[in-house]
Structure formats: C-alpha cells, structure tokens
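Survey of secondary and tertiary structure
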2 protein chains.
Amino acid sequence: MVEAVTLAIVVGAVFAIYLVKRRRSYRDLDAFYDLSEGERFAHRWGYTDTRFEFEDPRTVKVTGSRYPISGYRMPYLVSFLEDTLDISIHPDDMNVEVEDQEVPEPNINGGFLASVQARFKADQYSRDAKERLIHSHGQLSVDEIYRVLYSSSLKRTVDLVFYPEGEDEVRAVIELANEHNVCLVPYGGGTNVSGALACPVEEQRMIVSVDLRRMNRILWIDQENYLACAEAGILGKQLEVELERKGYTSGHDPDSVELSTLGGWIATNASGMKKNRYGNIEEIVLEATLVTPTGEIETKHVTPRNSTGIQPRSFLFGSEGNFGIITKAVIKVHHLPEARKYGSLVFPSFEKGVGFLKALRQTGGLPASIRLGSNKELRFAQALKHEPTFLKGIKEKVQAFFMQKILGFDPMQMVVCTIVMEGSKGEVRQQDKTIFSLAKKHGGMSAGASIGKRGYALTFGIAYIRDFVNELQILGETFETSVPWDKIHQVCQAVQKELDEQAVRHHIPGKPYLQYRVPQTYHTGVCIYFTMGFCAKGLERPDEVFHVIERRLRQVILDNGGSLSHHHGVGKIRQGFLPQVQTENTIHVLRQTKKAMDPNNIFGIRNGVFHAFPED
Amino acid sequence: MVEAVTLAIVVGAVFAIYLVKRRRSYRDLDAFYDLSEGERFAHRWGYTDTRFEFEDPRTVKVTGSRYPISGYRMPYLVSFLEDTLDISIHPDDMNVEVEDQEVPEPNINGGFLASVQARFKADQYSRDAKERLIHSHGQLSVDEIYRVLYSSSLKRTVDLVFYPEGEDEVRAVIELANEHNVCLVPYGGGTNVSGALACPVEEQRMIVSVDLRRMNRILWIDQENYLACAEAGILGKQLEVELERKGYTSGHDPDSVELSTLGGWIATNASGMKKNRYGNIEEIVLEATLVTPTGEIETKHVTPRNSTGIQPRSFLFGSEGNFGIITKAVIKVHHLPEARKYGSLVFPSFEKGVGFLKALRQTGGLPASIRLGSNKELRFAQALKHEPTFLKGIKEKVQAFFMQKILGFDPMQMVVCTIVMEGSKGEVRQQDKTIFSLAKKHGGMSAGASIGKRGYALTFGIAYIRDFVNELQILGETFETSVPWDKIHQVCQAVQKELDEQAVRHHIPGKPYLQYRVPQTYHTGVCIYFTMGFCAKGLERPDEVFHVIERRLRQVILDNGGSLSHHHGVGKIRQGFLPQVQTENTIHVLRQTKKAMDPNNIFGIRNGVFHAFPED
C-alpha cells in the first residue's frame, strides 16, 4: 500500500519536474556550483554552508544557497528511505559527532623538522592535531568519514603538514625527506574514495603530508596550440573559472570538480562526465612533471603525439602517490562550446536503455555526456523533489496517468537517461537528431531538457546526502566498475543478489539498498556506478560488516567480468584484488620501477601493488 | 624554360586526373592493394611482382598488376627528377645489386641450438645465410637497403632465425635463451625505418631472430563487445581481410599495412591513416601480452577502461623489442562503415591549407583521414602520371588556364588536400558539408573525389619508388615529427634551409630534394612527414654524408619545436637525441624497468634508451 502511494508520487513527478519552481532558474552547467570558495568541512564532504537537515521529523531541507537544490524542502525523502530500507527513521536516532577527536601525538624527526624550519616560512608547516587529522583521510564513507566523525578511531595520522609553494620547494622537501628518512604523502583535494590517503599503521618513520593546494596557478595558456600549463594543486573549479575567463575549458568534469585537483586527477587516472567530447584525464593531459627522489620524470618537448619509446607520462596516470609528487601538467584546452543543450529520455526498462546506449555508440551522434540510471535511481531522484503546488500536483497526476495507462510505462521498471550535448550548433543539431530518433526505435521518449539538467545538478548533492544518511546510521558507499556490453545485466544482477544474501547473513535490519547507473559508455562497454547502503542500527561492528559485504560485492563484480575500478582507483581498499587482475610479473616489474625512482621508499603511502617494497 | 614546360604539364594535370584511364577502375580503399600474398623481395620493399623500371631512357613503367599504378607508363618522372635535382639521369648509371651478399658466419651457442633442435620441428629454425641477412635489417633506406643491395656491408647479422608457432613456444625459447645466455630479437614485418632490427656490433652472444609471422591467427572475435584477439605476427592486410569477412575492420591503416604486423605496430607505437575515426594504435589495442624473461606483462581482465594503477600495456607501446616478445593483443573492431567518400581540395598555398586544417579541427566534421601535401609533393604526384590522350591533353590545358589565369592559383604554390570520409551516411554527409564549406572560407576549392582517391592509392607506391631512385644513386628517405600548430612553417622552413646549406657544404651534385605533408592533425598540432633526397653520384662516402645531413635535419626539427618522432620510433638512428627529449632520471627509470623484466638483457637489441644496460 505504502509502495503504491510512493509510486503514484514518483511516476507523476517524472513529467512534472520541468515545470517545478520557475522562480529558481537553473544556471548553466559550469554554474551548477557556486564559484565562491567558501569554508570547507574539516572531514565531511564539501562546504559548511550546505547540509541536509531535518526541518521536522518528516521533512528534510538543504541549507545555504550554493547549489540548485539549496533551500529545498524535501517532504518525500524520509518516506523513501523508510520504504526502501524497510526501517523507521527518527531524528532522535541521529549519530552524534565526536567533539574532539583523539589524534595520536606526532612522531617528529628532529633533523627533518629543523631543516624545514630553517628553510621555509612558518606558515608552510603545521603540527596542529586537527590539521593533521584532516590530512590523514580521504572521503571513504565508512572507513574514513564515519569513523572520524562518530568513533574517532584513526590509528595512524600524518605527523606534519607541509605546504610547498613551488616546484623548487617540492624538490627541496623531497631531498630533505630522503636525507632524514621521512615518509612523504602528496595531498591534493582529499576527495579520493579508495583509502589512498590512509596512513599505513606499520610506518615507523615520520609521515609528512605535502599539501599541494598553494601550487594552484595557471602558468601559461598557449592559445595558438590549445594548451595550458597549470600547477598540480589547482582545484578543478578554479581551473575552469580561470580558463573560462579566457574563453576556454579543459572539459574535465568529474563529480568532485569543486574539490579535487589536477594532480589528483592524474594520480587517480580520473574520468570526467564529458569524456565523450574531451576525453578522460589521460587524453586531456599531454605531459606532466613528476618529481621523485631520484629526479624528474617528464618529456621535455610537449608535442601532439610521440613514438619515442615508453612514454614517461604513463608512469603518472594511476601512480596514486607512490612514486613522487606531480607538480604541474600541460593539458589540452578547448574553446567554450558554441552550443550546449540538455535532454532526457524515458525508457520502459533499464535493458531497453542499455540497448539504446549501445546503438548510439555506433552513430556519430554521441553527446558530451549521456547517463542512464536504474529505476531505483529514478525513484531516489524523485524522493529529493520538493512538494508540488496544488496545480502542479494535478498536472503530475494527469501525466502519470498518461505515462502509465496510455503508454504502458511501468513505474517500477522505467528509467531515465540524461544528456548534455555540446559543440558547434551544427554538431548539437546532429546529435539531437540522432539521439532522439534512435531512442524512438528503442522504445524511448523525450522527457525534456529540464529533467536532463536536473540530473546533472543533483550530482553535486550526492556526497552531502551520504553524510546525511551516515548521521541516520545508514552506511552508504558508491563503487564502480567497467564491463563489456554483454556483461552489464549479469554484473548488476549478481551484485544485487549478493547484497541481498549478505544482508540476510549479517542480520542487517530491514532491507539493503542498491541503485546503479551507466554514467559512461565506450566502444567496447560501459562504466557502471553503484550506490549501496544499509541500516547499521543495532549491528555490533557495523564497519566490519560493511567491509565484508563491500569485498564480497567487488569479488562478485570481478567474477562476472567487471574491472577492479573504472575511475576511483585502487588505493588501499582494492589492493588485495590486484593479483586477480594483473600477472605476478607485472606486479614485480611495477615494484622495481618504483624502487628505481624512490629507492628509500620515501613515498611510502603503500597504495595499489606498493603495499610491499622489494628488498633486493 | 624547362621549369615552365613542367609547370604547364603539372598544372594541367591536376584537373585531368579524374578523367584518366577509365579502363582502370579504382578499387575501394581496402582494395588499394592486392589481397593475395605473393612473393616478397628479400631486402627491398614489397612484392617481387612490382618494380619501377626503365621502359626506355625517358620512360619509367611499373610492372605487375598489384596496385592501381601497376602497368603505368610514366613519361614525366625522369624529367621531373632531372629538373628538381638538377642532374641528368641515364639508365646506364644504375647501381648494380651485389649478387651474393657476404654474410658473417653464424656465432652458434651449441647448448642453445641443441635444445632448440631437441624441442622444435626442423622447419622452425634456420642458419641459412640469406634468411639470416633478411632478418638483420629493416627498411632504412640508406643504412640498410642501400647498403645490403649495393655494398653488402652489414657488419653483424643474426645467427639463427626461429619461427615460434604459439605463445607456449615463445615462452619456451625465452627460457632457453635465458638459460644459455643467448640474445633474442623479435621480428614482425621487418618494415621499421628506425634501425630497430640492426644487430648491435658489440653483441658477443649468439643472436636469434624470433620471427613471429607463423603466429598469425585471429584467436577470437567478440561481436557483442566489438573486440577481437589476434596473435601478434598477423600482417595488417591479413587481419583486415579476415575481419572484413565478418563485417568488421580494426581501422588501423598505416602505409605499411600490407607488410607490417600487429605486434610491430604496438612495439613501434604506430599511427594509422584513419586515426581520426579509429585512433592510433594505443587507442585501438585494449590489452596485449608481453612475454619477458621474468614472466608475462598483461592485464588478465579486458575491460573498456581502468583506473587500477600504472597500466601494464603502457610498457608495450614503444617497447621496440627491448623487453620481450608481444604474443597477442585484444583490439577494438568496428562495423565496416556504411558510407565512404573521397574528396580533395586545392588551396592557393600550403599556409592556407594549414589554416584550413586547424579550423577544421574545431568543428565536428573531421573525416577519417585528411592529408595536406606541399606544392613539391603535388608536383611529384603529377610526375607519376601517365601520358594523357590527345583529348585529355586539350582538356588539361583548358583547365590549367582556368586555374591559373581566372582563379589565380600559382602552380608553384598551390597544394592539394586529400580526404577520406567514413561513417554512417549522415556522418559522411555532415563531414562533407562542413569540410567543403569551411574550405571555401580558406580559399580552397574542391578538386573532386578521384584526386583524393588517387592520393591514397599512391601511398602504396612510395617505398617502391624509393628503391627505384636508390638504383639511380639518389639517396632518399622519409622522416617525420609532430609539432604544435604554430611551429609548422618554422619547422618546414628550417629543414629546407638546413638541407640546402648541407648540400652545399658536402658538395652534393645538383640540388637536394624536399617535400612534405601534414598526414595527421591533432587538437594541439600536427604530424609532418618529410621526404628528402639527393644525388650521391661521385660522393666518396655517400652513406656518411647522408647520415650527417639526416642528423642535422633532426636537430633542426628539435630546435624548432618538433618532436623526435611521431610514429616511426627511435630505434638506433634517433637514440642519440633522447637525452634532449627526456630527463636523465626518466632514462634511468626506464633502464631499471627493463632490468626488472629482463635481468640478463636477453632482449639485447639495444633500441632507444637501452643502448646501455644498468650494471647495478
């Protein structure tokens, strides 16, 4: 019965959204987020002006004015969570943040510190406990954020934070670290979700976080050759704002673009929303500089394409802080597109939507971005809506009737695909034509530009919602994979099945939650992005249960033909799976390669295959 | 005066070509070459059925029926060479091939040979002198072909040729080589132009060429995911023929496609003509297997895109035989395009043509291939024409008058751009529209599909012509670079100037020859492909003079912002320049990486930075 009521709301909503809240005009994509800096949360995701909060026990609201969803009252979210998780939610049950986290005393290498003090300004290094804690984790939901906020149990933290202000200073600090046998950890935006910043508990040496965010200048823009060189600590948002002032864009647009850095993108081998047009990070970065204990890794000449042996830059993508510090990169830049257009499509089922995506790859009409959500994702998006006005309520009911009764779309099966087209007017016209005529053949129909735009706007809210549900003792996390076309359904179904079984095995209260989307397509397959969650109330060791389940789901993905990671990286949480993915010899060679750059394991953060350091 | 007559012929010809020889219908692009195997020359380029020969002292003809230009009588070529090189040509002056080349006695490692004899079939290995010589060089014009054909002076050759028939046999022979300390050299199509197959004279161990061409099967085609897996020794032509039978193409189309192999493309980091649509080799190959003395380098899961640390496949691209043997690769395959259309454009000057190419990159109308030749290249193409009929002669004169007098195209400045469009009918229509309307704005005009098609057809004749002019004691070679957009003219002019100066300094008879083209464009610049030649008659040490000049030209390219190589690779002839291009530390790390895979330097072919092997 509750299900039926939810449905009526959900289905009606699909066609109402483009009428919703005319007083809030959606800004353009690159203004989906506020361009002002603002104060960031110490540990949670994002800016302190933005929080999901209870307005009353049944209504959630979003504070501030930073995002399109800021200021929303959400009357459906609590019910949605209760229904889908089969639990009841009370504001009184909320987790309470630890006021003063315990931070271990810093392990100081006197010689190193004295040298740093002698050489650098006093504001370039800090032993402050809070600052050290901030630099000792990324944004792993349970392992890091949940633990720091609610149980204060990071076993090992960095011992000093250092802020270099130029490449020379990076070189100098690496030299000092090498001289005094200190461990360095490059720090960019701190947004990784792979445990890449987690300090190895076995590290006996002083650990120094090298925060790159003062190295945030665009060094030059070469308008003749569509190139720009920027320091690695520049935030995505700042990069885009500064390029935009000159009429350019890098086109790199990961969900974390407000908070992540150029250097972090390279080290993670990141993927951006609009990669169909601009490429993933390895296609955007022509050259970059990696400073290692033995010297620089770089190509001196930046030219469009080379056949000059193994490319130095291939040591940088996915290096995850293990080799040295990425200081700057030369990237491609593009004129801002002449035209941009949003769109959305409704398909009767996820399978139909996937069929359409596959067919679209075979045409020349690929838009900058196209994303297909599962039915659950659609329903979740609807749960984030605000209350409709009386008139809109009526309209929605009429539209729901039309969709359901006349067109036969099943509200528990239908899915939405959101689209961003960019390019010359001609290109966008051609894409538009190709996409919408092909969609028809696959049983899809247009659902308007506003739904498309809203889909992208919601992206910036997801991590805030994670932190909100964490407060409600709901453990949630995203994880992703890349799979060949014919393995998509197999992988999704296997993950769902495993999650259900694990929930029973671990006596999870209520039901576990799973939604997924296809955010990227390739010639040979897609990326699948999952969001998983369950209520941890009453579990004795919720984080351990979470780990067991997470690892099982990853194994199930691998067993069914998915990859270890499409764009999140390996870090700590996936390193145990690497021997299933790479040959033993590959791992041996990678370790020796590291040893050649960093013989004393100064960059001892131990991500990926580098949890072991070769002794010979 | 001679100049004027040549010009009249040249200019007239531009517009006559699409009327020429109706009896020879141009086949489609993938049938520009004969699909039959045929006997190959031992040392020269290509098939024995195809030779440029004197029919009479003023006329050259092409033997056989393999290519569109086969059977041609070329009455203009001799005059063209005489005019542009300022020499006179007599068939009597032709170089005479050495009948029986001296081949050093093989240096046999008894233990290794005995093991090979015990383990493999007798037809899998050979000590035959001729076979060893064939496997001891690539297609470097002067260093290798000229030397082998006319002076028989290869100082070091391989000592045995081995033909593995599967990955297990590759593993076995590497094991034996490691056990007996024998040097292995992977051999694919033997088409490299970088000296990559030249045996190091200092190599004291037995050298065994491992010819991969019996490993030439397509192992599987995955039609659901647009993937195919093929053994590394498959020839480009065979790969395409077999894929085409199933309705697919790899889209990789280097000029050497008839003779080069999949493994060779990876080892060289090759580029294909149609890379705008299908990508260069690193975009085509998803995964490949490298067998090294310490084991395999590969990713076990083939998935569309990964973020799992340094990618194993990045050790393969550009590895140039230094690390091990590439045994197989998983590549993307595409449906054969629904539509294909040729086109050509005339521009009043090279500069105008480059301006057009740059503007075209900013549109969505990029064709699969677009190439712009210099004016010299256009005139050379005209010199390869056959005699027009009386009627066509008249027509040409009328058209020449129209081009020159009415439109004001200067025959000594104008250039031609050739185009291949591929895709759905809609895509090709869109490309066609974009290209031709943009060309108008840049002072270009269409010159018809046939000229476009002919341009691509001539590609397959170029290396045969090189061997012909070699016979005439004209030393010719191609070399290439990639440059940012704003360095194109600077690099071309600097190369021309240096060549002219060097010709004077070295008392070259007549004048040196230089033509160039832009065969590939990128977002940030282009590839420039040069063809250089000069008459060596009367020079005491022609090959040494050639070397000095070649090295000077490469230095001039680097000094003016070009890269060391766009797609030919480093091999031996460019390794001396690497310290200008990569940091010292990069070279150190690469050498240690090799040592990790191949601690005994079994793959001691010493290409690129690996002329030195680290001792520590």
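Residues numbered from 1 in each chain as written. Chains lettered and ligands numbered in written order. Predicted model: local features only at pLDDT ≥ 70, side-chain atom pairs only at ≥ 80, totals over all residues. Heavy atoms only, no water.

A few points about the pairing of strand 21 (residues 525–535) of chain B
All names here are of chain B. Just so we agree on the cut-off: Remark: exposure states derive from per-residue accessible area (1.4 Å probe, protein chains only) relative to the maximum for the residue type, with buried under 20%, exposed over 50%, and partly exposed in between. Helix and strand labels come from DSSP, where a helix needs a run of H or I of at least four residues and a strand needs a run of E of at least two; each type is numbered from the N terminus. At least two bridges found by DSSP between two strands are what make those strands a pair.
Across the 11 residues of strand 21, 10 count as buried, placing the element largely inside the fold. Across 8 bridges, strand 20 (residues 513–522) lies against strand 21 in antiparallel orientation. Along strand 21, the bridge assignment pairs Q520 with C527.

Focus: the sheet that holds strand 9 (residues 227–231) of chain B
Residue and element names in this part refer to chain B. The cut-off we apply is this: Between the N-to-C directions of two axes lies an angle of 0 to 180 degrees, each axis being a line fitted to C-alpha atoms and, for a helix, fitted only over the stretch in contact.
Pairing is antiparallel in the open sheet, where 5 strands are placed in the order 8-9-13-11-12. Taken across any chain shown, the strands that pair with only one partner, and hence form the sheet edges, are strand 8 (218–222) and strand 12 (295–297). Here the average twist between neighbouring strands, direction ignored, is 15 degrees. In this sheet, strand 13 (residues 325–332) lies alongside strand 9 in antiparallel orientation, the contact comprising 5 bridges.

Here's the deal with the relation of the copies chain B and chain A
Here the second copy of the chain follows from the first by a rotation about an axis and a shift along it. As a reminder of what qualifies: The copies are overlaid by a least-squares fit using only the C-alpha atoms of residues whose pLDDT is at least 70 in both copies. Contact criterion: two residues are considered in contact whenever any of their non-hydrogen atoms come within 4.5 Å of each other.
Taken as rigid bodies, chain B and chain A are interconverted by a rotation of 180 degrees and an axial shift of 0.0 Å, the fit giving an RMSD of 0.0 Å. Taken together, these values place the two copies in the relation of a two-fold axis. Across chain B, the rotation axis passes nearest the C-alpha of B:T593, at a separation of 2.5 Å. In this assembly the copies share their binding face: 100% of the residues contributing to the interface of chain B also contribute to that of chain A.

Examining the packing of helix 3 (residues 110–119) of chain B against helix 6 (residues 167–180) of chain B
The description of two packed helices rests on the angle between their axes and on the distance between the axes. Residues and elements named next belong to chain B. We apply this condition: By definition in this entry, angles of less than 35 degrees are roughly parallel, angles greater than 145 are roughly antiparallel, angles of 65 to 115 are roughly perpendicular, and the rest are oblique. By definition, turning the near helix anticlockwise from the far helix through less than a right angle yields a left-handed crossing, and turning it clockwise yields a right-handed one. In this count, Pro and Cys sit with the nonpolar residues alongside Ala, Val, Leu, Ile, Met, Phe, Trp and Tyr, while Asp, Glu, Lys and Arg are called charged and the others, Gly among them, polar.
It is the contact of helix 3 with helix 6, at a shortest axis distance of 9 Å, that shows an interaxial angle of 155 degrees. The orientation of helix 3 with respect to helix 6, classified from their angle, is roughly antiparallel. Note on packing geometry: the crossing formed by helix 3 with helix 6 is right-handed. Here G111, F112, S115, V116 and R119 of helix 3 come into contact with helix 6, specifically with A172, V173, L176, A177 and H180. Across the contact of helix 3 with helix 6, the residue classes tally to 6 nonpolar, 3 polar and 1 charged.

Concerning helix 15 (residues 449–459) of chain B
Where burial is concerned, most of helix 15 of chain B is hidden: 8 out of the 11 residues are buried. The complete set of buried residues in helix 15 of chain B reads B:I451, B:G452, B:K453, B:R454, B:Y456, B:A457, B:L458 and B:T459.

So, the side chain of B:R606
Residues and elements named next belong to chain B. This is how it is decided: Definition of a polar contact: a pair of N or O atoms within 3.5 Å, with one able to donate and the other able to accept a hydrogen when the atoms are protein atoms, and with sequence-neighbouring residues admitted only if both atoms are side-chain atoms.
Along the chain, the position of R606 falls in the segment after helix 20 (584–597). For R606, a relative accessible area of 15% puts it in the buried group. Reaching out from R606, the side chain makes a polar contact with the backbone oxygen of G604 at a distance of 2.8 Å. Ignoring anything within four residues of it in the chain, the contact list for R606 reads P200, E202, E203, N322, K572, Q575, N601 and H611.

As for the sheet that holds strand 6 (residues 183–187) of chain B
Strand pairing in a sheet relies on backbone hydrogen bonds. The paired strands run either parallel or antiparallel. Residues and elements named next belong to chain B. The strand order across the open sheet built from 4 strands is 4-5-7-6, with neighbouring strands paired in mixed fashion. The open sheet has two edge strands, strand 4 (125–126) and strand 6, and neither has a second partner. Those strands touched by helix 3 are strand 4, strand 5 (160–162) and strand 7 (207–211), and its axis lies near 30 degrees from that of strand 5.

A few points about the interface of chain B and chain A
Which entries qualify depends on this criterion: Salt bridge criterion: a side-chain nitrogen from Lys or Arg within 4 Å of a carboxyl oxygen from Asp or Glu.
Contact residues are listed per partner, giving 84 residues for chain B and 84 residues for chain A. At the boundary of chain B and chain A, one finds 4 salt bridges. With a closest N to O distance of 2.6 Å, B:E282 and A:R305 form a salt bridge. Between the two partners, chain B and chain A, sit 57 residue pairs in polar contact (both at pLDDT 80 or more). Split by residue class, the side of chain B that touches chain A holds 29 nonpolar, 45 polar and 10 charged.

Regarding the state of the cysteines
What counts is decided by this rule: Here, the term disulfide refers to a pair of cysteine sulfur atoms separated by no more than 2.5 Å.
By the definition in use, this model includes 0 disulfides over all chains. The cysteine A:C417 is free of any disulfide, with A:C527 supplying the nearest cysteine sulfur at 14 Å.

Comments concerning the packing of aromatic side chains
Going by this rule: Put simply, two rings from Phe, Tyr or Trp (the six-membered ring, in Trp's case) pair if the centres are within 6.5 Å, and we call them stacked under 30 degrees between planes, edge-to-face over 60, tilted for the rest. Consider the ring centre and the ring normal. A charge sits over the ring if Lys NZ or Arg CZ is within 6 Å of that centre and within 35 degrees of that normal.
Tallying each qualifying case throughout the model produces 31 aromatic pairs over all chains. Taking 6.4 Å as the distance between ring centres and 15 degrees as the angle between the ring planes, the aromatic pair formed by A:Y67 and A:F460 counts as stacked. Residue A:Y67 is found in the loop between strand 2 (59–62) and strand 3 (73–74), and its partner A:F460 is found in the loop between helix 15 (449–459) and helix 16 (462–471); the two are separated by 393 residues along the sequence. With a centroid separation of 6.4 Å and an interplanar angle of 50 degrees, the aromatic rings of B:Y342 and B:Y456 are classed as tilted. On the criterion of sequence distance, the pair formed by B:Y342 in strand 15 (residues 339–347) and B:Y456 in helix 15 is long-range, its members being 114 residues apart. One exposure class covers both B:Y342 and B:Y456, and it is buried. In this structure an aromatic cluster arises from ring pairing among A:F350, A:F479, A:Y516 and A:F530. Its end group placed over the ring of A:F41, A:R44 keeps NZ or CZ at 5.5 Å from the ring centre. Positioned above the aromatic ring of B:Y522, the side-chain terminus of B:K275 is 3.8 Å from the ring centre.

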